[in-house]
Amino acid sequence: MSISHTNEMALFDNNVQKYCRFFELASPQQFTLEQWYQVIARTVLEMAYHKPQGKVDEQRHINYLSMEFLIGRLTGNNLMNLGYYEDIKAYLAQYQVELVDVLEQERDPALGNGGLGRLAACFLDSMATLGQAATGYGLHYQYGLFKQAFQDGKQVESGDEWGRNQYPWHRYNPSKTQQVHFGGKVVAIEGDRYEWQPKLTIEGKAFDLPIVGYQNDVIQPLRLWQADSPQSFDLNQFNEGKFVAAEKTLIKSTALTQVLYPNDNHRVGQQLRLMQQYFHCACSVADILSRHLAQGFSLEEFPKRQVIQLNDTHPTLAIPELMRILLDEHQLTWQQAWSICQQSFAYTNHTLLPEALEQWDQRLFKQLLPRHFKIVEKINHLFHQQVKAQFGDDAKVWEKLAILFDYRVRMANLCVVSCFAVNGVAQIHSDLLVSQLFPEYHQLFPTKFCNVTNGITPRRWIQQANPALSQLLDQTVKGDWKKDLELLHQVENVVDDVNFREAYWHIKQQNKAALAREIEQTLSLSVNPDAIFDVQIKRFHEYKRQHLNLLNIIATYQWLKDNPNKDYTPRLFVFSGKAAPGYYLAKNIIHAINNVAEIINNDKQMKDKLQVAFLPDYRVSLAEKIIPAADISEQISMAGKEASGTGNMKLALNGALTLGTLDGANVEIAEMVGQEHIFLFGHTVESIQTLLAEGYSPKTYYRNDPVLKNAVDFLAKGKASKGDKTTFNLMLDSLLEHDPFLVFADFESYRQAQERIGQAYLDRDAWLRSAILNTARLGKFSSDRSIRDYQSRIWLKK
Ligand code: GPK
């Protein structure tokens, strides 16, 4: 036990003994693992607040508004960041208890869908670690992202009742309760001042989770709002039943934060979702303002002291909400209020996909938020004047730039008009944001746009997920790479050191063996630990092209059947990921992968050559097990569609070689690591333009490439569906008729890249060298660097 922690561990022991009496046990020996988990979490939470709070920079307080925070398990992470991990591990040993087993008791709080939510969690970790004053604001969902299981190969969903009421890391903070209003009407008072007479009021209760900085004693809140009120409300009272086709009408107020909407890169038009969004914004803005004013600052000082960072357009309503409060409650003039808002809000865009850009029905918006609608109308009107001054009265231009158009409220446009900064999440994405989505906006506001490439926290994604690699890096690198990931550059110096190389290789093999055990336990599938572990883990979406991966697997299977004696480097293809419950095509792809896996895994000829493991219920804690074991990281989206990706960074830093298109952050990964250490394939954004201009016909590829045709026909002829030829029609018809994400166009190039991988793996030394260089050269992708970029380019920009 380190000297500095002696007192704290005495306190810890004291508390353990106290809980022991509390539970009427003779000795801590009798605790179940679940009890240990609860006792450790509760005790450490108290201990954390006993320490003097570390220093934070309060120049500007970052209020990070996000509908999703995919934080993952907190216990291990908090123990590490607080520096208690080793002490508590040693403490438990006296009771023959393994800390890792205790940590497995924690259920992941799955309060997000995918990349966007996980990014928010990494950013909170980095802001605390860098001492950037920050508060995360989100929702305290009762049900996180649904749990996924497979039945006959198909995804089935069940509710994720994650136990928010027993969660040991959060505190209910009754002094922060807010009131949120909906519906009703507005009455003009004077000038831009109105009185809102709402129809319904719901209470928002604050639940705070501690975000612990890495060994700097900084703790900042992630404040999650929970709707509470004994009242029920009738959704019909806002809309005479016109918007509620898919929703129940009489709803308890608590239903507002009951469930996370399970869509990723896709908008939903439901009224309850709009109410959720406003509830989130209203609670957060009120809290931010009251903190600001309580510190003794004036409203004029708000922009100097606060930033409200909008994680995509989901929290856009915070803009008209702050306007409303400034105008109606603080009686500021429009100019004063607008100037404050324009200097305080910043917007991060996470996607170019049109189906993901939020637009709300104007009537629904107006009925639910009549005062906000007036404000948006005025913003829209004043902006129209500005557009006319710049572009003349051009209807074509206005059609693109308008906030209100065709009875819709376009949230992205409201953000661009109102915010002082707009950023994309990787260089290529930020460039496309300007050139494809917002070119006229860029003409109007050339200095608003910038790039901040995403990053990941090395504390969770290396130190915690890959303890063996972490230890090797501790021994190899001078200075703390966990605080400054660029220090990993030093690893280049030992890339030819035999001892280092052997240690690195050994760690990867150990991690693969551990994943093999996990696969055995979950799927009763015994896999070849010496195969290439080729991993695609992410949400299921057509643009991410899991079906491209699948078609190659089928083609490989067919080739191996025809050429049983030819050389082939053994592969294990690992999949994990969920599809939105209403996204039938993506679910069809999941079904196809499972059925093909079943056939291949039961074919004795394929034993130890070709295997497919689809692990159900992808979540942060499962990612932590898969990532350290990967040899190949599949990042195969259609170029121009994946804004950044962050799994690509986690995998490469843990020594997986990327098989990818020139999309998102893959482009920057390739730049950093060098062309020789990455497998690139497929069309680029530019070559796609040519292809589409010439008229893309997927059927031509199908007809001309017998390998592709055979793979498609395998599914079409029912070979993976017990003879039923219609099972995969959804996927196949889409591919053959439109192929909107150019799966067929990239198939041949993808096959060739896979072939190169098979060859490359045979040269163990060269492969290992590439893997090590991936770890050494990707320090840029720490979320600490992302946060520093936000500071210098947006939040504290001079
Ligand atoms: C983007 F628009 C969205 C969305 O609704 N959900 C989501 O996870 C992702 N994203 C992008 O798809 C990724 O490319 C990106 O790395 C991630 O956001 C974080 O920026």
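This is a predicted model, so every value here is computed, not measured. Every residue gets a number counted from 1 within its own chain, in the order that chain's sequence is written. A pLDDT threshold of at least 70 governs which residues receive local features in this predicted model, and a stricter bar of 80 or more applies before side-chain atom pairs are shown or counted, although totals over entire chains, interfaces and linings include all residues. Hydrogens and waters are ignored; side-chain quantities use all the structure's heavy atoms.

Novice: Would you explain the site of the ligand in this entry?
Specialist: What surrounds the ligand is a group of 15 residues, the closest being Leu-116, His-350, Asn-454, Glu-642 and Gly-645. A distance of 3.2 Å separates an oxygen atom of the ligand from a polar side-chain atom of Asp-264. Here a polar contact means two N or O atoms within 3.5 Å. Within protein one must be a hydrogen donor candidate and the other an acceptor candidate, and residues neighboring in sequence count only if both atoms are side-chain atoms. One nitrogen or oxygen atom from the side chain of His-350 is found 2.6 Å from an oxygen atom belonging to the ligand. Considering the ligand on its own, with 430 Å² of exposed area, one finds that the protein chains cover 95% of that surface. Amino acids outside the nonpolar list (Ala, Val, Leu, Ile, Met, Phe, Trp, Tyr, Cys, Pro) and the charged list (Asp, Glu, Lys, Arg) are all regarded as polar, and Gly is one of them. Along the lines of polarity and charge, the residues of the shell around the ligand split into 5 nonpolar, 7 polar and 3 charged. Those domain boundaries reflect an automatic or database domain assignment. Residues from two domains meet in the shell around the ligand; each of domain 1 (63-71 + 103-179 + 205-226 + 265-354 + 415-454 + 788-794) and domain 2 (526-760) gives at least three. We call a residue near a molecule or strand as soon as one heavy atom of that residue lies within 4 Å of the molecule or strand. Each accessible area value is a Shrake-Rupley result obtained with a 1.4 Å probe; residue values ignore everything except the protein chains displayed when judging cover.

Novice: Mind showing me how you'd approach the sheet that holds strand S16 (residues 404-405) here?
Specialist: Two pairing modes exist for strands in a sheet, parallel and antiparallel, and in both the strands are linked by backbone hydrogen bonds. Spatially, 3 strands are ordered S15-S17-S16 in an open sheet, and the strand pairing comes out antiparallel. Both outer strands of the open sheet, strand S15 (359-361) and S16, are each paired with one neighbouring strand and no more. Relative to strand S17 (residues 408-410), S15 is paired through 3 bridges, and the arrangement is antiparallel. Across the sheet, residue Trp-360 finds its bridge partner in S17, namely Val-409. DSSP calls a pair of strands paired once it identifies at least 2 bridges connecting them. Secondary structure elements are defined from DSSP: runs of H or I of at least 4 residues count as helices, runs of E of at least 2 residues count as strands, and each element is numbered from the N terminus.

Novice: Sorry if this is basic, but what is going on with the state of the cysteines here?
Specialist: Working definition: the covalent bond between the sulfur atoms of two cysteines is a disulfide. Two cysteine sulfurs form what is called a disulfide whenever their separation falls within 2.5 Å. Inspection of every chain in the model, using the stated rule, returns 0 disulfides. Not part of a disulfide, Cys-281 finds its nearest cysteine sulfur in Cys-283, a span of 9.5 Å. A disulfide-free cysteine, Cys-415 has its sulfur positioned 4.9 Å from the sulfur of Cys-419, the nearest such atom. Cys-415 sits in the buried class, given a relative accessible area of 0%. The buried label goes to any residue with under 20% of its type's maximum accessible area, the exposed label to any with over 50%, and the partly exposed label to all in between, with areas taken from a 1.4 Å probe on protein chains only.

Novice: Would you take a moment to explain the pairing of strand S14 (residues 345-348) for this structure?
Specialist: Remark: a regular strand shows side chains that alternate across the two faces of the sheet. Across the two faces of S14 the burial is the same, with Phe-345 and Tyr-347 and Ala-346 and Thr-348 all buried. Relative to S14, strand S13 (residues 306-311) runs parallel, the two being bridged by 4 bridges. When the bridges of S14 are listed, Leu-310 appears paired with Tyr-347.

Novice: Looking at this model, I keep getting lost on helix H6 (residues 115-130). Mind explaining?
Specialist: Owing to its 3.6 residues per turn, the α-helix aligns residues three or four sequence positions apart on the same side. Across its 16 residues, H6 extends 22 Å between first and last C-alpha, which sits within 8% of the 22 Å expected from 1.5 Å per residue. Counting buried positions along H6 gives 14 out of 16 residues, so the element sits mostly inside the fold. To estimate the expected span of a helix, count its residues, drop one, and scale the result by 1.5 Å.

Novice: Whenever I open this one, the environment of Glu-486 confuses me. Can you help?
Specialist: Tracing the chain through its elements places Glu-486 in the loop between helix H19 (467-476) and helix H20 (498-523). Counting along the chain gives 51 residues from Glu-486 to Ile-537, while the straight-line C-alpha distance between them is 26 Å. Once residues lying within four places of it in the same chain are set aside, the contact partners of Glu-486 are Gly-779 and Lys-780. Any pair of residues with heavy atoms lying within 4.5 Å of one another is described as a contacting pair.

Novice: What exactly am I supposed to notice about unusual backbone geometry here?
Specialist: One can expect most non-glycine residues to show negative phi and most peptide bonds to be in trans. Residues other than glycine seldom take positive phi values, yet Gln-331 does so here, at roughly 55 degrees. With respect to the helices and strands, Gln-331 occurs in the loop between helix H10 (318-329) and helix H11 (334-344). Residue Gln-331 is classed as partly exposed on the basis of its relative accessible area, which comes to 49%.

Novice: Mind showing me how you'd approach the confidence of the model for the chain here?
Specialist: Caution applies to low-pLDDT parts of the model: their predicted coordinates are not meant to be read in detail. What pLDDT expresses is the predictor's confidence in each residue, scored from 0 to 100. Considering every residue of the chain, the mean pLDDT works out to 96; 98% of them sit at 70 or more. Below a pLDDT of 50 lies the segment residues 240-246, which in the model reaches 14 contacts outside its immediate sequence neighbourhood of four places, other chains included. Reported confidences for the modelled complex are a pTM of 0.98 and an ipTM of 0.98.

Novice: It is not clear to me how the domain arrangement of the chain should be interpreted in this structure. Could you clarify?
Specialist: Annotation of the chain at the domain level lists domain 1 (63-71 + 103-179 + 205-226 + 265-354 + 415-454 + 788-794) and domain 2 (526-760). One C-alpha centre belongs to domain 1, the other to domain 2; they are set 33 Å apart. Between domain 1 and domain 2, the contact holds 30 residues from the first and 35 residues from the second. Here domain 1 packs against domain 2, burying approximately 2,600 Å² in sum over the two surfaces, 58% of which is carbon and sulfur. Buried area adds together the accessible area that both of two parts lose upon being put together, with accessible area traced by a 1.4 Å probe. Sorting the residues of domain 1 by area buried against domain 2 places Gln-148, Phe-150 and Ile-428 first, and these three jointly supply 21% of that buried surface. Any Lys or Arg side-chain nitrogen located within 4 Å of an Asp or Glu carboxyl oxygen qualifies as a salt bridge. Put simply, domain 1 and domain 2 have 2 salt bridges between them. Lys-625 is paired through a salt bridge with Glu-104; the nearest N and O atoms lie 3.2 Å apart. Where the side of domain 1 that touches domain 2 is concerned, the elements lending two or more residues are H6, strand S3 (143-151), strand S4 (154-161) and helix H16 (427-437). Element by element, the count of residues in the side of domain 1 that touches domain 2 is highest for S3, at 5 residues. For the side of domain 1 that touches domain 2, the residue count by class is 11 nonpolar, 12 polar and 7 charged.

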